[in-house]
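# Examining the three-dimensional arrangement
Each chain, written out:
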Amino acid sequence: MSRTARVVWDDALTSYNFGPSHPMAPVRVELTMALARDLGVLDKVELAGCVPATDEELALVHRPSYVEAVKRVSASGQPDLGAGLGTIDNPAFKGVHEASALIAGASLSAARAVWEGTAEHAVNVAGGLHHAMPAAASGFCVYNDPALAIAWLLRQGARRIAYVDVDVHHGDGVQAAFYDDPRVLTISLHESPRTLFPGTGFPEETGADGTAVNVALPAGCGDAGWLRAFHAIVPPLVREFAPEFMVTQHGCDSHALDPLANLMVSLDGQRAAYAALHRLAHEEAGGRWIAVGGGGYELVQVVPRAWTHLIAEAAGHPVDPATPTPQSWRQYVRDRTGETAPLTMTDGRNAEFRDLSGGYDPADPIDRAVMATRNAVFPLHGLDPMP
């Protein structure tokens, strides 16, 4: 399906570093790029660099006073709790503005490439910082790069953008940025806010004319339920919305091994969602697709394989899940982290699911979650909530 795919990368993107004990260790993107390189996936894409987002670009989403506060923390390394920096989640560090602005700039570069048509798809695996708010850092996120990419596209003249977020955490910052903007459809598929940060993302949060969509899944949900929910919500709403662009966030912390959440999705389930979103981008958005990373805190076993699959899918050359990981990469993992790398690109799951069109079970908590979302938003789009 793909014609051209661009991966935005600069080694300096690993400078977004909250310290050695923080879950969001930059080695996860370092290992991702190394695996994609050793597997030959990067040979199938155009690699492009990036520059930091300017203050004017950051102001598309963030208040100038907040950007100035981040700069002060960046220069001194001292906390500013009013700006959300200096907490356990978001420790203050020297250089935080520069590191955060570069990630934002990478997602803006991806958006620019797709807007200008120099690439059909563009990927920033270091991005996806979807919790950052206009005037505060939140949830490991300082500047909200997916929201900035969307806002930039709107500034250029885009009229309809669909944002789909499959991170295990609610994409609250992106939802907040466009909650009353009917030009942006935000769909977040996440673990229930009753059991996970940030405590938002209930089906009743519907935004302007139903353009905020939240699928809150119960803890323990695995491939079959997760994909059933995805297909019951995402394709029909995206098709009805008819976007000109798709922006997708691919936090892989829905994985069963992730230490910070409680879903049980496999790499194979995640890979199936990547393929479905790729198809939707071509079917409904003329192939214009910007994909970013996000959460993911199993640094060796999950993140590098998940996002290498994402890059390969965007390139139009999916990696066979049975493919062995390269010996060179396994040794790099050992040298870099002391851990034993996974041997193949799969968890060995079939990632099968039953489509909701076959009927739903009101006693099933996953089906109840799906129907709560359909009942809340489908009528606002002229869709029948019943399967």
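Anyway, here's the lowdown on the structure attached to this text. Note that the coordinates shown come from a computational prediction; the quantities given were computed from them, not determined experimentally.

## What to know about the packing of helix 1 (residues 27–38) against helix 10 (residues 327–337)
For the pair helix 1 and helix 10, the least separation of the axes is 9 Å and the interaxial angle reads 160°. Our classification of the angle between helix 1 and helix 10 gives roughly antiparallel. Considering only the axes of helix 1 and helix 10, their crossing is right-handed. Listed contacts from helix 10 to Val27, Glu30, Leu31, Ala34, Leu35 and Asp38 of helix 1 are Ser328, Trp329, Tyr332, Val333, Arg336 and Thr337. Per-class residue counts for the contact of helix 1 with helix 10 are seven nonpolar, two polar and three charged.

## As for the side chain of serine 109
Summarising the element assignment, serine 109 is placed in helix 4 (residues 96–116). Exposure remark for serine 109: the relative accessible area of 13% places this residue in the buried category. In contact with serine 109, other than residues within four places in its own chain, are Val8, Gly49 and Cys50.

## Some remarks on the packing of helix 8 (residues 267–284) against helix 9 (residues 303–315)
Where helix 8 meets helix 9, the axes come as close as 10 Å, and the angle between the chain directions of the two elements is 25°. By the angle between their directions, the pair helix 8 and helix 9 is classed as roughly parallel. Relative to helix 9, the crossing made by helix 8 is right-handed. Contacts from Leu267, Gln270, Arg271, Tyr274, Ala275 and His278 in helix 8 reach Arg305, Ala306, Trp307, His309, Leu310, Glu313 and Ala314 in helix 9. Per-class residue counts for the contact of helix 8 with helix 9 are seven nonpolar, three polar and three charged.

## Here we look at the pattern of salt bridges
Enumeration over the complete set of coordinates arrives at twelve salt bridges. With a closest N to O distance of 2.8 Å, glutamate 244 and arginine 159 form a salt bridge. A residue pair is termed long-range when its members are at least 10 positions apart, and glutamate 244 in the loop between helix 7 (223–241) and strand 7 (245–249) and arginine 159 in the loop between helix 5 (145–156) and strand 4 (161–165) qualify at 85 residues. With a relative accessible area of 58%, arginine 159 lands in the exposed category. A salt bridge links arginine 183 to aspartate 181, with the shortest nitrogen-to-oxygen separation between them at 2.8 Å. Taking relative accessible area as the criterion, arginine 183 reaches 35% and is therefore assigned partly exposed. Among the residues examined, aspartate 181 registers a relative accessible area of 14% and is labelled buried. A single network of salt bridges, built from pairs that share partners, joins Asp55, Glu68 and Lys71.

## Quick notes on the sheet that holds strand 2 (residues 46–48)
Pairing in this open sheet of eight strands is parallel, and the strands run 2-1-3-8-7-4-5-6 from one edge to the other. The open sheet has two free edges, formed respectively by strand 2 and strand 6 (212–217), since each of these has just one partner strand. Neighbour-to-neighbour, the strand axes of this sheet turn through a mean angle of 15°, independent of strand direction. Relative to strand 7, strand 4 runs parallel, the two being bridged by five bridges. By the bridge assignment, aspartate 165 is partnered in strand 7 with glutamine 249.

## What to know about the nonpolar core
As a rule of thumb, soluble globular proteins bury nonpolar side chains together. Counting 131 residues, the largest nonpolar core has Val142, Tyr143, Trp226, Met246 and Ile311 as the members making the most contacts within it. Sorting elements by how many residues they give to this core places helix 4 first, with eleven residues.

## Notes on the pairing of strand 1 (residues 5–8)
Walk down a regular strand and you will see the side chains alternate between the two sheet faces. Side-chain alternation along strand 1 places Ala5 and Val7 on one buried face and Arg6 and Val8 on a second face that is also buried. Pairing analysis gives three bridges linking strand 1 to strand 3 (residues 121–124), with the strands arranged parallel. Its bridge partner being in strand 3, alanine 5 is matched across the sheet by histidine 121. As defined by bridge partners, strand 1 adjoins strand 2 across three bridges and the pair is classed as parallel. Within strand 2, the residue paired with arginine 6 across the bridge is glutamate 46. Assessed by its sense of winding, the connection that carries the chain from strand 1 through helix 1 to strand 2 is right-handed.

## Thoughts on helix 11 (residues 365–377)
Counted at 1.5 Å a residue, the expected span for helix 11 with its 13 residues is 18 Å, and the 19 Å between its end C-alpha atoms agrees. When we look at burial in helix 11, the residues that qualify are Ile366, Asp367, Ala369, Val370, Met371, Thr373, Arg374 and Val377. Contacts made by the buried residues of helix 11 are with strand 6 and helix 7.

## Side note on unusual backbone geometry
The omega angle of the peptide bond from phenylalanine 197 to proline 198 is 5°, so this bond is cis rather than trans. The backbone of aspartate 209 shows a phi angle near 55°, a positive value even though the residue is not glycine. The exposed category is assigned to aspartate 209, whose relative accessible area is 57%. Look at alanine 351: it is not a glycine, yet its phi comes out positive at around 55°. Here alanine 351 lies in the loop between helix 10 and helix 11. Among the residues examined, alanine 351 registers a relative accessible area of 15% and is labelled buried.

About the cut-offs
- All residue numbers refer to positions counted from 1 along the written sequence of the respective chain.
- Owing to the predicted nature of the model, reporting of local features is limited to residues with pLDDT of at least 70; listing and counting of side-chain atom pairs is limited to 80 or more, with chain, interface and lining totals taken over all residues.
- Side-chain descriptors were evaluated using all non-hydrogen atoms of the structure, hydrogens and water having been removed beforehand.
- Whenever a helix is involved, its axis is fitted only over the stretch in contact; in every case the axis is a line through C-alpha atoms, and angles between N-to-C directions fall within 0 to 180 degrees.
- Numbering of helices and strands runs from the N terminus, with a helix taken as a DSSP run of H or I at least four residues long and a strand as a DSSP run of E at least two residues long.
- Convention used here: angles under 35 degrees read as roughly parallel, angles over 145 as roughly antiparallel, angles from 65 to 115 as roughly perpendicular, and any remaining angle as oblique.
- For any pair of crossing helices, the crossing counts as left-handed if the nearer helix is rotated counterclockwise from the farther one by less than a right angle, and right-handed if it is rotated clockwise.
- Contact criterion: two residues are considered in contact whenever any of their non-hydrogen atoms come within 4.5 Å of each other.
- Charged means Asp, Glu, Lys or Arg here, nonpolar means Ala, Val, Leu, Ile, Met, Phe, Trp, Tyr, Cys or Pro, and polar covers whatever is left, Gly included.
- Using a 1.4 Å probe on the protein chains alone, a residue whose accessible area is under 20% of its type maximum counts as buried, one over 50% counts as exposed, and one in between counts as partly exposed.
- Salt bridges are defined as contacts in which a side-chain nitrogen from Lys or Arg sits within 4 Å of a carboxyl oxygen from Asp or Glu.
- Strands are treated as partners if at least two bridges between them are detected by DSSP.
- Only buried Ala, Val, Leu, Ile, Met, Phe, Trp, Tyr and Cys residues count toward a nonpolar core, and they belong to the same one when joined by side-chain atoms within 4.5 Å.
- For the handedness criterion, the strands are oriented away from the viewer, and a crossover whose path from the first strand over the helix to the second runs clockwise is classed as right-handed.
- To estimate the expected span of a helix, count its residues, drop one, and scale the result by 1.5 Å.

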